[in-house]
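The residues making up each chain are set out below.
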Amino acid sequence: MGNAAKPAGAEPPARKVFSREEVAALSAAGKHVYLFKGGVYDVNLDELMHPGGRELLEDHRGEDITELFLGGGNADHAHSRGARALLERYCVGRLEGHEQEERADLSALVDESKPLLPQVVKLDPRLYMEWVEAPSTGHPVMFASPLVERMTCTEWYVVPLLWLPIAAAFMARGVLGGLSPLLLPLTLAIGVLVWQLLEYSIHRWLFHFEPKSPRGIEWHFMLHGHHHKYPMDFDRLVFPPAIAALVIALFHALLHQLLPASWASPLLGGGIVGYVLYDTTHWALHSGRAEWLCGHVLKTSHMDHHYVDDSVGYGISSTLYDHAFNTMSKHLLKKMA
């Protein structure tokens, strides 16, 4: 289940030296190879979710992308340190005449062949944040306990199959309690909008806190740090049912304290529908499947959050509150203008 990663502190293997003719031949053979600062990169487009789309990568195959990557030429932004770190995962060698490379090997901080959580809590908080902000591929093990590891990995389809019938039951309960069926669309819309505000707030102010201690690192990594480090870990794109159930139980208690059951139940049902949209959209954004569920704007916003600037694009199922709170990606706004 873990990556075949080199142990922390191991010497990196020697890199192959390519001539420009060899790079051109690889490109002509259909390989997505690129040159960047003297490095040669063989990129797997099936696992790399590029905000600009696959077409942009196709257009520059076999070329030196250094100027574009750093924001020059016809690029509309410079790529982040995280995007640079992700690109480094695809480095297969150096260009002839550019054998000397300059880069810090953050991967040496953690051994990805072993459970991650017991290791990251030992890192200095500053180094931990640098490591998390350098995205990686694969599906390494997070927890030392196999049971906890299994319980925290969830297939996307579990979310709609489990929670949509429960949402429908809450909506029906409201009607049985005296709410007019004509008001169900209103409670559904309110529930979804309230959930979207909640998803935005949790993402912005809870998930993106900066840890200062080992316990802080532990919580940060479990809540969201792992996802930013391994954004293509498809088994951790949606909430495990046990965690979602705790949050839903909390809001069930709160709503039924504040409102009559005839209103509390359908509003909770609408909120659950909002949550299902959130998790399934998040899966679609990262998996590259069911793109009809998210659309170009939403996808670009979320990919910008991961690979360009993590202080923008906090909305997952909608950009409504990013517009309202001025956290839309400037890169995306420029493209939309």
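Structure shown above.
A quick note: this is a predicted structure, and the numbers were derived from the prediction, not measured.

Peer 1: Quick question: what am I supposed to make of the overall build of the protein here?
Peer 2: Secondary structure summary: the protein contains 15 helices and four strands in total. The burial tally for the protein puts 45% of its 337 residues in the buried class. Accessible surface, the protein as shown: approximately 16,700 Å² in total, 63% of it carbon and sulfur.

Peer 1: Can you walk me through the nonpolar core in this structure?
Peer 2: The nonpolar side chains of soluble globular proteins are, as a tendency, buried together. Counting residues in each nonpolar core, the largest one holds 23 residues, and the members touching the most others are Val 159, Trp 163, Leu 268, Ile 272, Tyr 275, Val 276 and Tyr 278. Elements supplying a minimum of two residues to this core: helix H8 (158-176), helix H9 (184-207), helix H11 (241-258) and helix H12 (261-287). Per-element accounting of this core gives the leading share, nine residues, to H12. Look past the residues within four positions of Ile 272 in its chain and what remains in contact with it is Trp 163, Ile 166, Ala 167, Phe 170 and Ile 248. One finds Leu 45, Leu 57, Leu 86 and Tyr 90 within the second-largest nonpolar core, a separate group that totals 16 residues.

Peer 1: Please clarify how unusual backbone geometry should be interpreted in this entry.
Peer 2: When glycine is set aside, most residues are seen to have a negative phi, and most peptide bonds are trans. Of note in this structure, Lys 37 is not a glycine but carries a positive phi near 50°. Structurally, Lys 37 is set in the loop between strand E2 (33-36) and strand E3 (39-42). For Asn 326, which is not a glycine, the phi torsion comes out positive at approximately 60°. Relative to the helices and strands, Asn 326 resides in the loop between helix H14 (320-324) and helix H15 (330-336). Note on Asn 326: relative accessible area 69%, which makes it exposed.

Peer 1: What am I meant to see in the pairing of E2 here?
Peer 2: For a regular strand, the rule is simple: side chains alternate between the two faces of the sheet. Along E2, one buried face is formed by Val 33 and Leu 35 and the opposite face, lined by Tyr 34 and Phe 36, is buried too. Of the strand pairs in this sheet, E2 and E3 are connected by four bridges, and their pairing is antiparallel. Bridge assignment links Val 33 to a residue of E3, and that residue is Asp 42. Counting the residues in the hairpin turn of E2 and E3 gives two residues, including Lys 37, whose phi is positive at 50°.

Peer 1: I tried to follow H8 on my own but got confused; where do I start?
Peer 2: The α-helix advances 3.6 residues per turn, and as a result positions three or four apart in sequence lie on the same side. The terminal C-alpha atoms of H8, which comprises 19 residues, lie 28 Å apart, in line with the 27 Å expected from a rise of 1.5 Å per residue. Within H8, burial applies to Val 159, Pro 160, Trp 163, Ala 167, Phe 170, Met 171 and Gly 174. Looking at the packing, one finds that the buried side of H8 touches H9, H11 and H12.

Peer 1: What's the story with the pattern of salt bridges in this structure? I'm lost.
Peer 2: When the charged atoms of two side chains with opposite charge come close together, those side chains can pair. Applying the stated criterion across every chain, the model contains eight salt bridges. Its salt-bridge partner being Lys 31, residue Asp 42 comes within 3.6 Å of it at the nearest N-O pair. Linking Asp 42 in strand E3 with Lys 31 in the loop between helix H1 (20-28) and E2, this pair joins segments that are eleven residues apart in sequence. The partly exposed category is assigned to Lys 31, whose relative accessible area is 38%. The shortest N-O distance in the salt bridge between Lys 114 and Asp 111 comes to 4.0 Å. Residues joined by salt bridges that share partners form a network here, namely Glu 149, Asp 233 and Arg 236.

Peer 1: It is not clear to me how the layout of surface pockets should be interpreted in this structure. Could you clarify?
Peer 2: The calculated volume of the largest pocket comes to roughly 1,200 Å³. Along the walls of the largest pocket sit 43 residues, with Phe 207, Phe 239, Ile 243, Ala 244 and Val 247 positioned nearest its centre. For the lining of the largest pocket, the secondary-structure elements that each account for two or more residues are helix H7 (146-151), H9, helix H10 (214-229), H11 and H12. Here the element with the most residues in the lining of the largest pocket is H9; it accounts for ten residues.

Peer 1: Mind showing me how you'd approach the packing of aromatic side chains here?
Peer 2: Aromatic rings considered in pairs are described by the distance between their centres and by the relative angle of their planes. Under the defined criterion, the tally for this structure stands at 15 aromatic pairs. With a centroid separation of 6.0 Å and 75° between ring planes, the pair formed by Tyr 200 and Trp 205 is classed as edge-to-face. Tyr 200 sits in the buried class, given a relative accessible area of 0%. Given the relative accessible area of 54%, Trp 205 is considered exposed. Between Phe 239 and Tyr 275 the ring centres are 6.5 Å apart and the planes differ by 45°, which places this aromatic pair in the tilted class. One end of the pair, Phe 239, is in the loop between H10 and H11; the other, Tyr 275, is in helix H12, and 36 residues separate them in sequence. By relative accessible area, Tyr 275 is classed as buried at 5%.

Quick notes on the rules
- Residues numbered from 1 in each chain as written.
- Predicted model: local features only at pLDDT ≥ 70, side-chain atom pairs only at ≥ 80, totals over all residues.
- Heavy atoms only, no water.
- Helix = DSSP H or I, 4+ residues; strand = E, 2+ residues; numbered from the N terminus.
- Buried < 20%, exposed > 50% of the residue type's maximum accessible area, 1.4 Å probe, protein only.
- Areas by Shrake-Rupley, 256 points an atom, 1.4 Å probe, with all protein chains shown as cover.
- Core = buried A, V, L, I, M, F, W, Y, C linked by side-chain atoms within 4.5 Å.
- Contact = heavy atoms within 4.5 Å.
- Pairing = 2+ DSSP bridges.
- Expected span 1.5 Å × (residues − 1).
- Salt bridge = Lys/Arg side-chain N within 4 Å of Asp/Glu carboxyl O.
- 1 Å grid on protein atoms, 1.4 Å probe; cavity = no way out; pocket = protein on both sides within 12 Å on 5 of 7 lines; lining within 4 Å.
- Points joined across faces, edges and corners; volume = space filled by probe spheres on them.
- Phe/Tyr/Trp six-rings, centres within 6.5 Å; stacked < 30°, edge-to-face > 60°.

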